[in-house]
Every structure is written in C-alpha cells, then in structure tokens.
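# Chain and residue survey
Below are the chains, spelled out letter by letter.
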Amino acid sequence: MMSKITGLFNFSEDVKKLSFGFFFIFLGYNSIQQYLTNYFFLTGFPRLGYFSLSIIYLFFILGSLISPVVVARVGPKKAMTHAVAVYGMFILIVGLKIPALLYLFSALLGIAAALLWTGQNSYLISISPKNSYGKNVGFFGTLLVLGTSLGIPLFGLLAAKASFSLAFLLFSTFPIFGLLLLLRLKETQVLINGGSLLLIKKTISSPTALKLAFVFLASYFTFGLAIGFIPLDIKDNFGFSYVGPLTSLFFIVPLLLTYYVGSLSDKLGRLPLLIILLAASSVGLLLLFFSTALAWYLLGIILLSLGGSSPIIGALIGDVAESRYLPYLTASVLIAENVGVVTALFFSSLSQTRHIYLLGALVLSAAVAVCLFLNRRGVRALRVDFTREVSS
C-alpha cells in the first residue's frame with residue numbers, strides 16, 4: 001500500500017523544481033491579487049484595483065501574441081526566469097498607491113505573465129511522457145494552488161493585524177525563492193529553434209484552436225469574477241472578514257482535486273471530465289445569483305471553483321499539439337483565457353450587480369455545448385485537424 005502511495009508522487013526532479021518554483025511565485029502574487037479590489041477600495045481608490053487587473057490581463061493577451069516566438073527562440077527556461085523578477089517588483093509597487101507607476105508595472109506584469117506561462121506549459125509537457133501529461137500537470141497545479149491557498153489567509157491576517165504595507169513587503173520576497181528553483185532547471189531542446197509570426201497567425205485562426213479557445217475563455221471568465229466582483233459581493237453581503245475564507249475556496253477546492261482530476265483525465269479522457277466541471281460551475285453561478293444565505297453562497301463558490309480546470313487545459317494542449325506547435329497553441333489558449341478574465345472584469349466594473357452571474361452561467365453553458373462537439377470528434381482527430389490547419 002505504501003509503495004502505491006509513494007508511486008503516485010514519483011516525479012522527475014525537474015517537474016518538482018518547476019512545481020515548487022511556481023508554488024513560491026504565486027504564494028506571493030496570487031495572494032495579493034485576491035485583495036486588490038478591496039485594498040484600493042478601502043484606501044480611497046475604488047476603481048484602481050479593477051483598472052490594474054484589467055491592464056495586467058490586457059497586456060497578458062498582447063504579450064501572448066509574441067510569447068511563443070520568444071519561447072521558441074530562447075527556450076522555455078530562459079523565458080520563465082526573465083519573467084519572474086517582475087512579479088516581486090509589482091507587489092512592492094502596489095503598496096505605493098501611485099496610479100501611473102501601478103499602471104506601468106501592471107502592463108509589464110502582463111507581458112511577463114505571457115512569457116512565464118507559455119514557457120511553463122511548453123516546458124512541463126516537453127519533459128513529460130504522453131501517458132503522464134495529466135498526472136504531471138495535476139501535480140504542478142496542486143503545488144500552485146497550495147501556495148495560493150496558504151497565502152490568501154496569511155496575507156489577510158497580516159494586513160489586518162499589522163498593515164498592508166508590511167504584508168506587501170513580505171510577499172514581494174516569495175517570487176525570489178521561485179526564481180532560484182527555476183534557475184536550477186535543466187535546459188530542454190525539444191522545441192524547434194527560431195519562431196514564426198506566421199505560425200502565430202495560423203494558430204489563432206485555426207478552427208480547432210478557436211473552439212478550444214472559447215472553452216477556456218468561458219472557464220476563465222469565472223476566474224475574472226473570482227478576483228474582481230465576488231470579493232466585493234462577499235464584503236457587501238457578509239462583511240470583509242469573510243472575503244479571505246470564502247475566496248480561498250477557489251484555490252482550496254482545486255488543491256484537493258487537481259492531482260486526482262489530472263490523473264483521472266489520463267485514463268478517462270480530458271473532454272468528458274471538462275464537460276462535468278464546466279456544468280458544475282454553471283450551476284454554482286446560478287446559486288450565487290439566487291442565494292442570500294451563507295450556506296447556499298458557500299455551495300455556489302465550491303461548485304464554481306470546480307471550473308478551475310488547469311490540469312485538463314495543460315494536458316489537452318499536449319494532446320492536440322505536436323511539440324513544434326506546443327508554444328503556439330499554449331499562447332493562443334492563454335490569449336483566450338485572459339480575454340475571459342478581462343471581459344469579466346469589464347462587465348463587473350460596469351454593473352457591479354449579481355446579474356453578472358447569469359451572464360457567466362450562459363457563457364459556461366455554451367462552452368459545455370462546444371465540448372460535447374469536440375468530444376464527438378475525439379482527441380486524435382483534433383490533433384490531426386490542428387496539425388493540418390497550421391501546417392498548410
């Protein structure tokens with residue numbers, strides 16, 4: 001029995017270094033991101049948090065248009081390590097509350113994020129056996145959300161008991177530990193040398209990539225709600241003290257399920273599981289719209305958090321794209337995900353009413369319909385389709 005348990009966590013050293021590196025990076029960044037809208041609201045800048053987040057994800061989209069070329073030319077390791085430094089600097093800048101400086105570093109962070117995440121998925125898939133994509137991505141995702149789950153309540157406690165300034169200062173040091181681990185990764189040569197802007201255009205316009213992109217746009221629309229509108233909705237209905245505990249569920253639930261879901265997708269298939277998770281998230285949004293009692297709101301957040309399908313996303317990209325196209329499909333999916341986040345932030349900042357939950361439920365329902373169509377095609381057919389579309 002013990003040998004079976006040990007075998008479940010038998011990962012290569014580079015998978016571990018990459019996973020723990022991101023644990024520290026997002027222990028720092030994701031924790032402060034969750035408090036941005038409330039922090040600036042409480043300090044007299046009610047829309048500054050929304051503007052900063054929108055700039056980050058807008059430049060994440062723009063950066064993703066060139067990130068596959070950069071990753072293909074310099075390699076995923078260098079792309080990641082050059083991007084990490086911006087994360088710690090951004091956390092320090094937030095505490096200064098200087099709008100112009102915050103906007104500048106929000107833009108830089110978005111570009112850095114595009115390089116970091118394109119490099120991450122390209123690196124992880126390239127060092128993973130095909131029959132372990134889900135398992136390795138699941139392990140990575142578990143460490144990622146573990147850092148965030150620990151960081152959110154810790155940041156909230158430190159800000160409440162001491163000050164936001166001290167919390168920002170402490171959390172800005174965590175990405176440094178992540179950088180030290182990423183620097184110890186071995187170089188990977190699986191990606192082709194050079195890069196092609198034309199290939200970016202072909203990937204973005206690929207019918208197969210567009211269908212996948214819409215699914216993940218819908219999934220990350222809910223993440224935009226989680227970092228933008230939902231913390232304010234919780235504060236207005238239950239009080240500020242509930243923001244940390246309730247929003248941390250968006251990371252605690254994936255923490256408990258990510259490894260299991262990733263491993264299960266290796267056996268049962270990515271798309272069937274994705275359909276179930278997106279449908280559950282849609283129900284969760286409906287509960288958030290109709291609920292006024294804390295218990296129902298809690299259940300709604302739990303169901304909504306199931307849509308955090310990161311192990312399936314990364315593994316599905318590996319299923320569909322050959323290694324030479326991996327950074328390009330990764331980047332196109334990143335663009336779609338961040339369009340979802342920016343769209344949610346935009347509509348949330350305009351209306352700031354619970355009707356945004358109904359829009360989210362509608363978007364997720366459409367994504368379920370697309371997944372059903374893709375599942376009928378099958379992953380092997382999708383791989384053939386995508387290769388034909390981008391190589392012609």
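Residues numbered from 1 in each chain as written. Predicted model: local features only at pLDDT ≥ 70, side-chain atom pairs only at ≥ 80, totals over all residues. Heavy atoms only, no water.

## Re helix α7 (residues 99-126)
Taking 1.5 Å of rise per residue, the 28 residues of α7 would be expected to cover 40 Å, and the 40 Å separating its terminal C-alpha atoms lies within 8% of that figure. Summarising burial for α7: 20 of the 28 residues are buried, a large majority. (Helix = DSSP H or I, 4+ residues; strand = E, 2+ residues; numbered from the N terminus. Expected span 1.5 Å × (residues − 1). Buried < 20%, exposed > 50% of the residue type's maximum accessible area, 1.4 Å probe, protein only.)

## Quick word on the nonpolar core
In terms of nonpolar packing, the biggest core is built from 130 residues, with Phe-22, Ile-32, Tyr-87, Trp-117 and Tyr-357 touching the most fellow members. Among the elements that make up this core, the one with the highest residue count is α7 (12 residues). With near-sequence residues (within four places) excluded, Trp-117 lies in contact with Phe-22, Phe-26, Phe-60, Tyr-87, Phe-140, Leu-144, Thr-330 and Leu-334. (Core = buried A, V, L, I, M, F, W, Y, C linked by side-chain atoms within 4.5 Å. Contact = heavy atoms within 4.5 Å.)

## What about unusual backbone geometry?
The phi dihedral of Lys-97 is positive, around 55°, even though this residue is not glycine. Of note, Lys-97 is situated in the loop between α6 (76-94) and α7. The class of Lys-97 is partly exposed, set by a relative accessible area of 31%.

## Considering the pattern of salt bridges
A full pass over the atoms with the stated rule returns eight salt bridges. In this structure, Lys-235 and Asp-236 form a salt bridge, with 3.0 Å as the shortest nitrogen-oxygen distance. By relative accessible area, which is 17% here, Lys-235 ends up buried. A relative accessible area of 60% places Asp-236 in the exposed class. For Arg-388, the salt bridge identified is with Asp-385, shortest N-O distance 3.4 Å. Here Arg-388 and its partner Asp-385 are both found in helix α21 (residues 379-391), three residues apart, which amounts to about one turn of the helix. Residue Arg-388 is classed as partly exposed on the basis of its relative accessible area, which comes to 46%. (Salt bridge = Lys/Arg side-chain N within 4 Å of Asp/Glu carboxyl O.)

## Quick notes on the side chain of Ser-265
The residue Ser-265 is located in helix α15 (residues 249-268) in this model. When neighbours within four sequence positions are excluded, Ser-265 is seen to be in contact with Gly-134, Arg-270, Leu-273 and Ile-312.

## Concerning a nonpolar patch on the surface
Residues Leu-58, Leu-62, Leu-65, Ile-66, Leu-197 and Ile-204 make up a contiguous nonpolar surface patch of about 510 Å² in total accessible area. Looking at the nonpolar patch, the elements with two or more residues in it are α4 (48-64) and α11 (197-205). Along the chain, the position of Ile-66 falls in the loop between α4 and α5 (67-74). (Patch = residues over 30% accessible without salt bridge, like charges linked within 9 Å, V, L, I, M, F, W, Y side chains within 5 Å. Areas by Shrake-Rupley, 256 points an atom, 1.4 Å probe, with all protein chains shown as cover.)

## Quick look at the packing of α4 against α7
Close contact between α4 and α7 brings their axes to 7 Å; oriented N to C, the two are set at 35°. Note that α4 runs across α7; the crossing there is right-handed. Where α4 abuts α7, its residues Leu-48, Phe-51, Ser-52, Ile-55, Ile-56, Phe-59, Phe-60, Gly-63 and Ser-64 lie against Pro-99, Leu-102, Tyr-103, Ser-106, Ala-107, Leu-109, Gly-110, Ile-111, Ala-113, Ala-114 and Trp-117. (Axes fitted to C-alpha atoms, helices over the stretch in contact; angles between N-to-C directions. Left-handed = near helix turned anticlockwise from the far one by under 90°.)

## Some points on the packing of helix α13 (residues 229-238) against helix α17 (residues 294-305)
Packed helices, taken two at a time, are described by their axes: the angle between them and the distance between them. Between α13 and α17, the least distance of the axes is 12 Å, while the angle of their chain directions is 170°. Taken together, the axes of α13 and α17 are roughly antiparallel relative to one another. Seen from α13, the contacting residues are Ile-230, Asp-233, Ile-234 and Phe-238; seen from α17, they are Leu-294, Tyr-297, Ile-301 and Leu-304. (Parallel < 35°, antiparallel > 145°, perpendicular 65-115°, else oblique.)

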